[in-house]
Amino acid sequence: MKPLINLGYILSGALVISMPSFSQVKINHLLTQSKKEVKMGIDQSQDKNKAAVRKLYEDILNTGKLELLDQVIAEDYIGVLGENGPAGFAQAIAPVRMAFPDIKWTIEDLIAEGDKVMAKWSWKGTNTSSFNGIQPTNKEITHHAVNIFQFSGGKIIKAWMESDRLGFFQQIGVIPQGLIPPPLPVKK
């Protein structure tokens, strides 16, 4: 009987040794909790950055309240054309707002990853004044683009943009519509 009791002690000891200690369980729980909190913090930061981009287009650009740019654009901002700060951003947007005074941006998609937000947008506006020396057409123009904004401290510090310039220049008559043939259909 004694060997069985000894075997029981040995198995019990092995079981206790193989089980994580209470403190290890607690550490694992805290690490898991910390990861969740960090992810939640990142998600909240990304949501705030997306809200700042939405504010830029909907509350500032669409209303023409460029004096509010400092709420979303950092002083050390560097823009697509090398413009600096909120004032530089305002200078870059002013010719567009003058040429298309009824301009309205529509955000089609916002995607956040890390410290960047990608905005796919379009705008519509009537070309009633000259734009970069091009005479007005008095036509309603639609323009599409994608911007990537980089954030630091809740404000935009850098921007990149890809836009449909060909379509824009065709609409305002700088490039004739039929000059560039449409792509050929793909054969299956």
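In this report, we go over the structure that sits alongside the text.

About the cut-offs
- Residues numbered from 1 in each chain as written.
- Predicted model: local features only at pLDDT ≥ 70, side-chain atom pairs only at ≥ 80, totals over all residues.
- Heavy atoms only, no water.
- Helix = DSSP H or I, 4+ residues; strand = E, 2+ residues; numbered from the N terminus.
- Buried < 20%, exposed > 50% of the residue type's maximum accessible area, 1.4 Å probe, protein only.
- Contact = heavy atoms within 4.5 Å.
- Areas by Shrake-Rupley, 256 points an atom, 1.4 Å probe, with all protein chains shown as cover.
- Phe/Tyr/Trp six-rings, centres within 6.5 Å; stacked < 30°, edge-to-face > 60°.
- Core = buried A, V, L, I, M, F, W, Y, C linked by side-chain atoms within 4.5 Å.
- Salt bridge = Lys/Arg side-chain N within 4 Å of Asp/Glu carboxyl O.

Focus on the overall build of the protein
So, step 1. Counting secondary structure elements, the protein contains 4 helices and 5 strands.
So, step 2. For the protein, the N- to C-terminal ordering of α and β elements is α-α-β-α-β-β-β-β-α.
So, step 3. The burial tally for the protein puts 28% of its 188 residues in the buried class.
So, step 4. Long-range pairs, those at least 24 residues apart, make up 51% of the contacts in the protein between residues at least 6 apart in sequence.
So, step 5. Here the protein displays about 12,600 Å² of accessible surface, and carbon together with sulfur accounts for 61% of that area.

So, the packing of aromatic side chains
So, step 1. A complete count under the given rule lists 11 aromatic pairs for this structure.
So, step 2. Aromatic pair Trp105 and Trp121: ring centres 6.5 Å apart, planes at 70 degrees, arrangement edge-to-face. In this pair, Trp105 is assigned in strand 2 (residues 104-113) and Trp121 in strand 3 (residues 116-126), connecting sequence segments 16 residues apart. Like Trp121, Trp105 is buried.
So, step 3. Pairwise contacts between aromatic rings join Phe100, Trp123, Phe131, Phe168 and Phe169 into one cluster.

Digging into the nonpolar core
What tends to happen in soluble globular proteins is that the nonpolar side chains get buried as a cluster.
So, step 1. Judged by nonpolar contacts, the single largest core of 34 residues is most densely connected at Val53, Leu56, Tyr57, Phe100, Trp105, Trp123 and Phe149.
So, step 2. The leading source of residues in this core is helix 2 (residues 22-61), at 6 residues.
So, step 3. Setting aside its immediate chain neighbours within four residues, Leu56 contacts Leu61, Leu69, Val72, Phe89, Phe149 and Ile156.

Remarks on the side chain of Asn49
So, step 1. Along the chain, Asn49 turns up in helix 2.
So, step 2. By relative accessible area, which is 5% here, Asn49 ends up buried.
So, step 3. If we ignore the near neighbours within four places in the chain, the residues touching Asn49 are Val117, Phe151 and Gly154.

Section: the side chain of Asn127
So, step 1. Checked against the element boundaries, Asn127 lands in the loop between strand 3 and strand 4 (140-152).
So, step 2. The class of Asn127 is buried, set by a relative accessible area of 1%.
So, step 3. Excluding anything up to four places from it in sequence, Asn127 contacts Ala99, Phe100, Gln135, Pro136, Thr137, Asn138, Lys139, Ile141 and Ile172.

Some thoughts on the environment of Lys158
So, step 1. With respect to the helices and strands, the residue Lys158 is situated in strand 5 (residues 155-163).
So, step 2. In sequence terms Lys158 and Gly79 are 79 residues apart; their C-alpha atoms lie 5.7 Å from each other.

Some details on the pattern of salt bridges
So, step 1. If you walk through the whole model with that rule in mind, you get 3 salt bridges.
So, step 2. Ionic pairing is found between Lys120 and Glu108, a salt bridge with its closest N-O pair at 3.7 Å. Here Lys120 is found in strand 3, whereas its partner Glu108 is found in strand 2, with 12 residues between them in sequence.
So, step 3. Judged by relative accessible area, which is 39%, Lys120 ranks as partly exposed.
So, step 4. We note a salt bridge from Asp115 to Lys116, for which the minimum N-O separation is 3.5 Å.

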